[in-house]
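# Summary of structural features
Spelled out, the chains give:
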Protein chains: 8
Amino acid sequence: MDGGATGDNLGFAWIDSGRSRRTGYPEVVYCMGKTVDQSEAIITRMREKGIPVLGTRAGKELAERIGRRFPDTEYDESAGTLTVGSFCKPEERRGLVTVVAAGTSDLPYAGEAARTAEFFGSRVALITDVGIAGIHRLFNRLEELRKARVIVAVAGMEGALPGVIAGLVSAPVIALPTSVGYGASFGGLSALLGMLTSCAPGISVVNIDNGFGAGYQANLINAIQRS
Amino acid sequence: MDGGATGDNLGFAWIDSGRSRRTGYPEVVYCMGKTVDQSEAIITRMREKGIPVLGTRAGKELAERIGRRFPDTEYDESAGTLTVGSFCKPEERRGLVTVVAAGTSDLPYAGEAARTAEFFGSRVALITDVGIAGIHRLFNRLEELRKARVIVAVAGMEGALPGVIAGLVSAPVIALPTSVGYGASFGGLSALLGMLTSCAPGISVVNIDNGFGAGYQANLINAIQRS
Amino acid sequence: MDGGATGDNLGFAWIDSGRSRRTGYPEVVYCMGKTVDQSEAIITRMREKGIPVLGTRAGKELAERIGRRFPDTEYDESAGTLTVGSFCKPEERRGLVTVVAAGTSDLPYAGEAARTAEFFGSRVALITDVGIAGIHRLFNRLEELRKARVIVAVAGMEGALPGVIAGLVSAPVIALPTSVGYGASFGGLSALLGMLTSCAPGISVVNIDNGFGAGYQANLINAIQRS
Amino acid sequence: MDGGATGDNLGFAWIDSGRSRRTGYPEVVYCMGKTVDQSEAIITRMREKGIPVLGTRAGKELAERIGRRFPDTEYDESAGTLTVGSFCKPEERRGLVTVVAAGTSDLPYAGEAARTAEFFGSRVALITDVGIAGIHRLFNRLEELRKARVIVAVAGMEGALPGVIAGLVSAPVIALPTSVGYGASFGGLSALLGMLTSCAPGISVVNIDNGFGAGYQANLINAIQRS
Amino acid sequence: MDGGATGDNLGFAWIDSGRSRRTGYPEVVYCMGKTVDQSEAIITRMREKGIPVLGTRAGKELAERIGRRFPDTEYDESAGTLTVGSFCKPEERRGLVTVVAAGTSDLPYAGEAARTAEFFGSRVALITDVGIAGIHRLFNRLEELRKARVIVAVAGMEGALPGVIAGLVSAPVIALPTSVGYGASFGGLSALLGMLTSCAPGISVVNIDNGFGAGYQANLINAIQRS
Amino acid sequence: MDGGATGDNLGFAWIDSGRSRRTGYPEVVYCMGKTVDQSEAIITRMREKGIPVLGTRAGKELAERIGRRFPDTEYDESAGTLTVGSFCKPEERRGLVTVVAAGTSDLPYAGEAARTAEFFGSRVALITDVGIAGIHRLFNRLEELRKARVIVAVAGMEGALPGVIAGLVSAPVIALPTSVGYGASFGGLSALLGMLTSCAPGISVVNIDNGFGAGYQANLINAIQRS
Amino acid sequence: MDGGATGDNLGFAWIDSGRSRRTGYPEVVYCMGKTVDQSEAIITRMREKGIPVLGTRAGKELAERIGRRFPDTEYDESAGTLTVGSFCKPEERRGLVTVVAAGTSDLPYAGEAARTAEFFGSRVALITDVGIAGIHRLFNRLEELRKARVIVAVAGMEGALPGVIAGLVSAPVIALPTSVGYGASFGGLSALLGMLTSCAPGISVVNIDNGFGAGYQANLINAIQRS
Amino acid sequence: MDGGATGDNLGFAWIDSGRSRRTGYPEVVYCMGKTVDQSEAIITRMREKGIPVLGTRAGKELAERIGRRFPDTEYDESAGTLTVGSFCKPEERRGLVTVVAAGTSDLPYAGEAARTAEFFGSRVALITDVGIAGIHRLFNRLEELRKARVIVAVAGMEGALPGVIAGLVSAPVIALPTSVGYGASFGGLSALLGMLTSCAPGISVVNIDNGFGAGYQANLINAIQRS
């Protein structure tokens, strides 16, 4: 078969170099479902063109290869995120995104959200283990919570945390359901449905385990003020 | 076809007169899916045998027919419950079952639970409109809640109420999911899954909209102490 | 059963008068699943306390009753929204929320979103019939779209519209799936799943047909800048 | 990102030391989804504070590490439960919880329920292999069954056991569906739905495979009498 | 468009007159989804060709029209079955098919099964209201049950009846799940899954509410012996 | 809210007059979910611009209104299709599309497919009542079937017809699942899944009940040869 | 916890020695979900009591252990069946059960059905690779098929085979859906739904991959004639 | 059990040598679910009879065995396709099928479609990484796209690509949903539903990940013109 094509094309992938112009942010490399070779080639090409890189769902082998090639690589193994170069320097980050995780098992997804929002220019705070089974733990953190311009609320199982938070603050809440749980959790479905049908307004939801999407959307919202 | 059979048989139904001996409680007449004639015949036969009757999901037409026949009929239209005769006199009710409803639309199911628990011998209190979108309303009622020996927590949509309550009290919580909601509520599925997967222990769940089952189970639990 | 309770309680409902203090916005009356009498009583009590009212999923009968009682009632039959009093005067609205509807059948939900965002203080523009089957219609409106601070993208069927838009603009997109469609749409499930799994970042999703939730969230986000 | 926080916080987890005061029972450590290091740190901190520990879904490696550190560790490999210290001494256990398992494959979940109820202070009896395919086996045990104050009925596949039992006894039945089965069992869904829709009243249901939840709820109910 | 075709064709339907030769039984008229005119035309044509007719899911209007045209029409309104002519005279019926219905609401489906098996040549007995919530009612009928060559067990809700019966008899059991129930019954899904996953062997299952299919299959099995 | 916009815009809809240039075919008016007024306005505007109109899912009231306004209106009530003007004259139709319907109840959907393919320029033949329960009826029509350039195979219930046909002919088969059936048909899901997973290659599938989509695709394929 | 109990109890399992008396057939050992030790202990105890053993879903390790202990062990690795002793000698088998498999991948399940029916006393024939994609292969075997007293039809994917067969023969068809397939097969769901909703009568269905259940039911039916 | 049978039968499989005569194309070997030995035997027998072979879902071990036996074997590891002999020589391929893949992870399925269409006689072009998140990449390729007689559009996640393409071209689009994605993708369900419910006509859909089916159907359509 004849492959065809033009532009900055790696055959299996096409660097979307105009994305920054259209949306204000560079493309991100989603590494799951790509071979390590494919991810490496894409990241390398992006760095050659001077594009700062955020890779998500990155495994250890890829991180090591990239780290050997680019010394400014930073890898968060728990969150599965990898950055090379910086889109926004730490001291230039603006506005506070607070990521709230219901339980310890939700931390990898919370971490992915946090790293993503930071990469694109938000200041990020993390509040952990405040699930609704012991709701006073959440109330203890209310003052902190109210400082946030945007909140990412992360929970598996019944996914009730975002609804409780949305009733207590005026910031918009991005709800991130996780696949944490078993049985009738059906891989995160219970948390997803719970968040979508919450009786509290001020919530919108991203895909199950999609820490990247939650962090990206939180940063977009946070960025409105600065423009 | 030859119909066959023995005992106290109405052809289409068989009065389970031994149920009281086995489980301590008389049979209940579930009127949905039966014709008005069938329900009337069953109730009449039970009254002839001196069995106190609780009918659930009873429509207005049935209630009127039964009311004309038996002057001590009591009908709660919103809850769809109908009683003829009493299993336990009001002054003999013992132990407190508190039914907590998240929203106004949950009241018919809460009512069915309350009427059932009362019929079988529990004292019942009702707390309404304390959904998690305004969680302080629940905290205002905490002292009341803690007086209950058993709690029935009723909610549709994301069904988070039982989990929040179970983290605050030592009484067992019977969670009653309702079909209140739309879209991703999928007829009560979201509330059901949320209650089953709650991160708080001390909850067990009945079928969607099954106010009768919740009230019956709450009364069974409440009755343990008295025996 | 003994009903109990304190505060501003209608028995079946409890006006959450502290909500404004906690979240910055008054409570909204969701009329579906309440009797016309119940909705009327709640709205009347809120007006007595000077709270501006937004009612959603309001039927014609309720609108007429409220209209007779309060001359400043405004009712949008297609959107099912009813307002009495104003939370924010038209001339004080700030920031642009653009609601984009894929097809004619999506208009009621788009209307609910638009009316909600306006009620709480946003300026709103509406773009209609730009579904992806004729994507040039969307491109014709790109300049308009890019003026928005927040976009609500409304679609049934495959729900692809928000993903296409999110790849073209820098504003956050609130995706509102609708139950428009048949067969494998499964009451809006196809649109919901499509929006949740979109390959484009910058999207978060509300419940199927939840125009109110989308408009509320869009206004929350839009309001960040003003504080 | 800045982590923040106060109290007895391990960073990834927060010991809920007020839980005992609120609900009468200490927190339990759910080990699935936590790293062995995380679980070990939580258990160690709890023991330092004198809190008796029940760990569920605990693997062998964790059990060995904890066993080396705390000589009074008890581990039930089949049930996946681990205890360190005691909340209630064996001789102080009160009231009988009977756990009934339909088949051999249900034993791990039955075991988790039994160990949990014992830990929190119930006496526990176990009846096994009495599935409805040979219902006389259940009838042979009826006298034993009727001694229970609370029954936990454990079954996979069609999950019919709790319904049969509830029609024979006056004790409340906690139904525990398991993922035992294949094909149309859909990971325990058939048992779960069967238990929720049982035509027999006196049943409430916990999540699929949630032996802990069933045992906890059974103990809560059993404990009512003693207070 | 050109319609085309040959044989005994009504345009919208084609009488399968060879069916009797292939399978031993004439075609049956399933009236749901056909207009009354279409059903009438098909039945009339079949009678003209001397084929005995069984119509299922037949409404009252159709029954009246057919009754006026053919005096030997028999209509069972509850079961929705209509017969014109006889395939097998009552006195020639052989072998006993016993239809067992769990509850009163299952009777229409049980009736459809019974009428179908009779029409095709089986003797039929009916046992009603023996659901597993009062399982002694079933045991009282055990002797009768054991006389059957084939059993059709009809139940909604959790659908446990066929499994209990199959463990008690040596006859094959055809399980007929019904849509009786609500909430987590999901239109008969719970009963269907329960019957498919029963731990008792000797069961095979037909579609939800498919009384015709159950009766037809029971008669086929019953007929084996006679050939 | 300000409505905005340019072009041939009815406010609630936008006539896609460039569609013909892009895809070779004019836009179609899908009438479900639009008010009669909206549909009438769209059709009228299209006729004013000289565009031939095919309306689908059109009700009787709309058909009557359009018929009064445009004398060349043709309405097929069973199929729900309405045409005004012609895109391709009958004598100019080319290539044979054969629509095969499994049962009488599938005819409305088969009709929608047939009318659509004809409108856009195909010759159409219809073969009815050849479901797989009497497969010889299909074999009798094999010669006819093999004359088709494209086949649309329409079936509800188990949806096996397209797979059987695809194994017998060399033409591509468009499979159209219908919602005909009950119980485990789940509104056409069983037919849809059956068609998607058929073991015979040469099949592709459209949405449940989507006669329009099947006829449109069949015509597109049929039209290839003519270009 | 105190274990309790009487009778022939292995602690984790209870040999149902009365089963033969009730149903005419001994218990079968379902080995999945049991440890190899548990299965071995059960089989050994059964042999000690002289009960002939059929084990299903038996792995190689178990087969080897049992083979060493009992020389008359027979193991069919593909089907996962293991027999020790015989319930019915080969020369005493009566009546023909024909197992028809759609494809090569269905053979393990077909084998389980065949071995089971043989063990309990049926003669068995096997017809393979006659899926509906090449339906003439089925027609070539029609004469053979018509010799069967009972047919087991095995298919994955769309599961159409049983429906086609049921329209061609007068024997009852037991439909065995398999998990063969991928994507929209959803682990056998498509085949299961297809078989349940088949438009051909004379079919009843067992659980996905339940070769044992199909063979057992086929033998029960086959055995009717002999009694 | 006696195996029976005639014709070109391998016992576990039956070469359908008449398929070419009926449908114009030889049988294809689907290797998943077959042992390597079975696949090898089938391929060898086909080659002995001179039939050109296309094997799909072929693993490396099989490819190596076949390669050693037949030197003209070609294996595409990413696509999992293996050919031995040729059905149509490269220089005789006619008509252009264009396979368009949304993302890098969709390439294996796109490859299977491309290889299949080529094997059966189509010329094939491949366009990659044109997902709707950066829709300008698709517009850059529009001229290429419009040269295709048939388009296969491959996408996971929300599956919006086929709908966008179908609105831009006049060729029929075969939509191939893939299991690429996570969370609410539910193994490809979101893409499947999105494609089935697309608002753009001119699309028909194959099973999730069924590259073979898409390529086969595309070639059938492409071949119409040549006959």
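## Section: the overall build of chain A
Looking only at helices and strands, chain A has nine helices and nine strands in total. Computed over the C-alpha atoms, the radius of gyration of chain A is 18 Å, within 12% of the 17 Å expected from 2.2 N^0.38 for a compact globule of 227 residues. Seen through its principal axes, chain A has C-alpha atoms that stretch 55 × 40 × 30 Å. Every one of the 227 residues in chain A was classed for burial, and the buried ones make up 69%. Contacts in chain A between residues far apart in sequence, at least 24 positions, make up 68% of those at least 6 positions apart. Of the accessible surface of chain A, which amounts to about 7,100 Å², a share of 48% is contributed by carbon and sulfur atoms. Each charge sign in chain A was given a centre, from 23 positive and 23 negative side chains, and these centres are 6 Å apart.

## Considering the sheet that holds strand β2 (residues 53–56) of chain D
Residues and elements named next belong to chain D. Taken together, four strands build an open sheet; the order of strands is β1-β2-β4-β3 and the sheet is mixed. Edge positions in the open sheet fall to β1 (29–30) and β3 (73–76), since each of these has one partner strand only. When β1 meets β2, the two strands line up parallel, connected through two bridges. Bridge pairing in β2 links V29 to G55. Sheet strands touched by helix α4 (residues 107–119): β2, β3 and β4 (81–84). Its angle to β2, the strand with the most contacts, is close to 170 degrees.

## Examining unusual backbone geometry
The residue R57 of chain C is not glycine, and still its phi comes out positive at about 50 degrees. Positive phi, close to 45 degrees, is recorded for M157 of chain E, a residue that is not glycine.

## A closer look at the pattern of salt bridges
The tally for this structure, following the rule as stated, stands at 96 salt bridges over all chains. Note that E27 of chain E and R137 of chain F form a salt bridge whose closest N and O atoms lie 3.7 Å from each other. Placement of the pair is E27 of chain E in the loop between α1 (19–23) and β1 (29–30) and R137 of chain F in helix α5 (residues 136–139), with the two residues belonging to separate chains. In this structure, R141 of chain F engages E144 of chain F in a salt bridge whose closest nitrogen and oxygen atoms are separated by 2.6 Å. A residue is classified by how much of its surface remains accessible, and R141 of chain F, at 2% relative accessible area, is buried. Accessibility expressed as a relative area gives 27% for E144 of chain F, which makes it partly exposed. When salt bridges with common partners are traced through the structure, they connect D37, E40, E61, R65 and R69 of chain A into a single cluster.

Thresholds applied
Residues numbered from 1 in each chain as written. Chains lettered and ligands numbered in written order. Predicted model: local features only at pLDDT ≥ 70, side-chain atom pairs only at ≥ 80, totals over all residues. Heavy atoms only, no water. Helix = DSSP H or I, 4+ residues; strand = E, 2+ residues; numbered from the N terminus. Rg over C-alpha atoms; globule rule 2.2 N^0.38 Å. Buried < 20%, exposed > 50% of the residue type's maximum accessible area, 1.4 Å probe, protein only. Contact = heavy atoms within 4.5 Å. Areas by Shrake-Rupley, 256 points an atom, 1.4 Å probe, with all protein chains shown as cover. Lys, Arg positive; Asp, Glu negative; His and termini not counted. Charge placed at Lys NZ, Arg CZ, Asp CG, Glu CD. Pairing = 2+ DSSP bridges. Axes fitted to C-alpha atoms, helices over the stretch in contact; angles between N-to-C directions. Salt bridge = Lys/Arg side-chain N within 4 Å of Asp/Glu carboxyl O.

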